[in-house]
Amino acid sequence: MLASRKLCTGCTACKFVCDAEAISMVSDQDGFYYPVVELSLCQGCMRCEEACPVISPLKSEQQEPLAYLAFSKNENIRKNSSSGGMFSLLAEDVLGEGGSVFGCVMTDDFFGAHHVEVRNAQDLEKLRGSKYLQSDLEDVFQQVKKRLLQGEKVLFSGTPCQIAGLQKYLGDNPRENLLAVDVICHGVPSPFVWKCYLRSKEKKYGGTAVKVSFRNKEFGWKNFSLAIMFSNGERYNAQVAEDPYLRGFIQNHYLRESCFQCPFRGNHYHSDITLGDFWGIDQIYPDINDDAGISLVVAHTKKGVDSITCMDNRAFIAPAEFNDALRANPSYFSSPKKPPVRAFVLKDVRSSPDIEMILEKYGGTSVSSRIRRKTAKLFESFL
């Protein structure tokens, strides 16, 4: 038995524990991957159910979480990161010990995102920054297991549900060399919606995408923007309150169904470290915020604490009171609310050739100026 479609996160754990190879991950009409069982191959062993972090939840091994505010002192790393650049510093430490880093990158055509393995610091740049669409994990869990069995250090970064899936897949295999790093997740948007949106931009600007940044800081950290560079030298750059795709994402219009009842928040993280934006820092530490990006770091395990506190002089790190630090990050604790228009948005995107008109129809300035003003506030409340 597999998790229902409403609860399945697409983590791939069920697929890779199936020795009969009876399970495959298949994309639905909105681009979300779900497991499909070939019944003629299924041996009824129920290992898929045992590996599912939704059906068979993990037991928490976490300590009382500790919060920090932090940012890299390397301005280039900080500039090209979504918040303070702490992921890059954690990754550099693992690579420096001859280990591997697994994280999310955009595909070559920028229509999708997937997980890859990085073995040298020069390739870390493509892992930096948020990708606001669901990442295809492919066979990454198997690669992680292989590295761990070889006794190597591994940093795996992903969403909380991907971390839970990896932990369940690894089971009793050695995990002492694994550093699991997730993010404060708002939810994962439809890959199909993003693909349609980017195609629309390419048509409008007359070139193919050569670079995409979902968290461009040209207008500052708080007023981040979606920036797209095209092959003909043209450029699109719109702030979070102005871009239709970012607005729809923040308004939950095309998140995966399971995101609306996510079981991996609050006291149910299974990572060593959770990274996010230190929203609300102006009210707590106003003298520190320079609008270049401040990371919120939550350490759940001793391994996580040790990894953060050994940064030496490469980062500014200061302890923060947990409740104060998380006050402006409700996504750490609770799932996003499912909007009544979600089904209509996805249906219209699938049937209409003009995606920007659809996104504006349900969440843009053409609906009312109030929605536009509200959107600017939503990202502080939910991201």
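Just so we're clear, the structure is a prediction, and the values are computed from it rather than from any experiment.

Draft legend 1. Focus on the confidence of the model for the protein chain. This prediction gives the protein chain a mean pLDDT of 92; 95% of its residues lie at or above 70. Between residues 366-383, whose pLDDT stays under 50, and residues either more than four places distant or in other chains, the model counts 40 contacts.

Draft legend 2. Region of interest: the nonpolar core. Ranked by size, the top nonpolar core spans 38 residues in total, and within it Trp 194, Phe 214, Leu 226, Ile 228 and Tyr 245 carry the most contacts. Counting residues per element, the ones that place at least two in this core are β4 (100-106), α7 (191-205), β8 (209-216), β9 (225-230), β10 (235-239), α8 (244-250), α12 (342-351) and α13 (355-363). In terms of residue count, the dominant contributor to this core is α7 (five residues). In contact with Trp 194, other than residues within four places in its own chain, are Met 106, Phe 110, Phe 111, Leu 133, Val 212, Phe 214, Leu 226, Ile 228 and Tyr 245.

Draft legend 3. The environment of Tyr 236, seen in detail. Within the secondary structure layout, Tyr 236 lies in strand β10. Overall, Tyr 236 belongs to the buried group, its relative accessible area being 8%. Sequence-wise, Tyr 236 and Lys 201 are 35 residues apart; in three dimensions their C-alpha atoms are separated by 8.3 Å. In contact with Tyr 236, not counting residues within four places along its chain, are Tyr 197, Lys 201, Tyr 205, Leu 226, Ala 227, Ile 228, Phe 230, Asp 243 and Pro 244. A polar contact is formed between the side chain of Tyr 236 and the side chain of Tyr 197, at a distance of 3.5 Å.

Draft legend 4. Quick look at the environment of Ser 225. Inspection of the secondary structure puts Ser 225 in strand β9. For Ser 225, a relative accessible area of 0% corresponds to the buried category. Between the alpha carbons of Ser 225 and Val 240 there is a distance of 5.2 Å; along the sequence they are 15 residues apart. Among all residues touching Ser 225, those that are not within four sequence positions of it are Ser 213, Phe 214, Arg 215, Asn 216, Phe 219, Asn 237, Ala 238, Gln 239, Val 240 and Leu 246. At 2.6 Å, the side chain of Ser 225 forms a polar contact with the side chain of Asn 237.

Draft legend 5. Region of the structure containing the sheet that holds strand β3 (residues 66-72). Spatially, β5-β4-β6-β7-β11-β12-β3-β13 is the arrangement adopted by the eight strands of the open sheet, whose pairing is mixed. The open sheet has two edge strands, β5 (113-118) and β13 (315-320), and neither has a second partner. Taking the axes of each pair of neighbouring strands and ignoring which way they run, one obtains an average angle of 25 degrees across the sheet. In the packing of helix α6 (residues 160-170) onto the sheet, the strands contacted are β5, β6 (154-158) and β7 (178-183), and the crossing angle to β7 comes to about 155 degrees. Contacting β3, β7, β11 (273-277), β12 (295-299) and β13, helix α10 (residues 302-309) crosses the sheet at an angle of about 30 degrees to β3.

Draft legend 6. Up close: the sheet that holds β8. Taken in spatial order, the three strands make up an open sheet running β8-β9-β10, and their pairing is antiparallel. Every other strand in the sheet has two partners, leaving β8 and β10 as the edge strands with one partner each. Here the strands of the sheet are splayed against their neighbours by 5 degrees on average, with no regard to which way each runs. In this sheet, β10 lies alongside β9 in antiparallel orientation, the contact comprising five bridges. Paired with Ser 225 across the strands is Gln 239, a residue of β10. Against the sheet, α7 touches β8, β9 and β10, its axis set at about 55 degrees to β9.

Draft legend 7. Geometry of the pattern of salt bridges. Applying the stated criterion across every chain, the model contains 20 salt bridges. Among the salt bridges present, the one from Asp 93 reaches Arg 314, with a minimum N-O distance of 2.9 Å. On the criterion of sequence distance, the pair formed by Asp 93 in helix α4 (residues 86-96) and Arg 314 in the loop between α10 and β13 is long-range, its members being 221 residues apart. We classify Asp 93 as partly exposed; its relative accessible area is 23%. Across the pair Glu 356 and Lys 201 runs a salt bridge, and its minimum N-O distance is 3.3 Å. Taken as a pair, Glu 356 in helix α13 and Lys 201 in helix α7 lie far apart in primary sequence, 155 residues in all. Lys 201 carries the same exposure label as Glu 356, and that label is buried.

About the thresholds
- Residues numbered from 1 in each chain as written.
- Predicted model: local features only at pLDDT ≥ 70, side-chain atom pairs only at ≥ 80, totals over all residues.
- Heavy atoms only, no water.
- pLDDT = per-residue confidence, 0-100.
- Contact = heavy atoms within 4.5 Å.
- Core = buried A, V, L, I, M, F, W, Y, C linked by side-chain atoms within 4.5 Å.
- Buried < 20%, exposed > 50% of the residue type's maximum accessible area, 1.4 Å probe, protein only.
- Helix = DSSP H or I, 4+ residues; strand = E, 2+ residues; numbered from the N terminus.
- Polar contact = N/O pair within 3.5 Å; in protein donor to acceptor, adjacent residues only side chain to side chain.
- Pairing = 2+ DSSP bridges.
- Axes fitted to C-alpha atoms, helices over the stretch in contact; angles between N-to-C directions.
- Salt bridge = Lys/Arg side-chain N within 4 Å of Asp/Glu carboxyl O.

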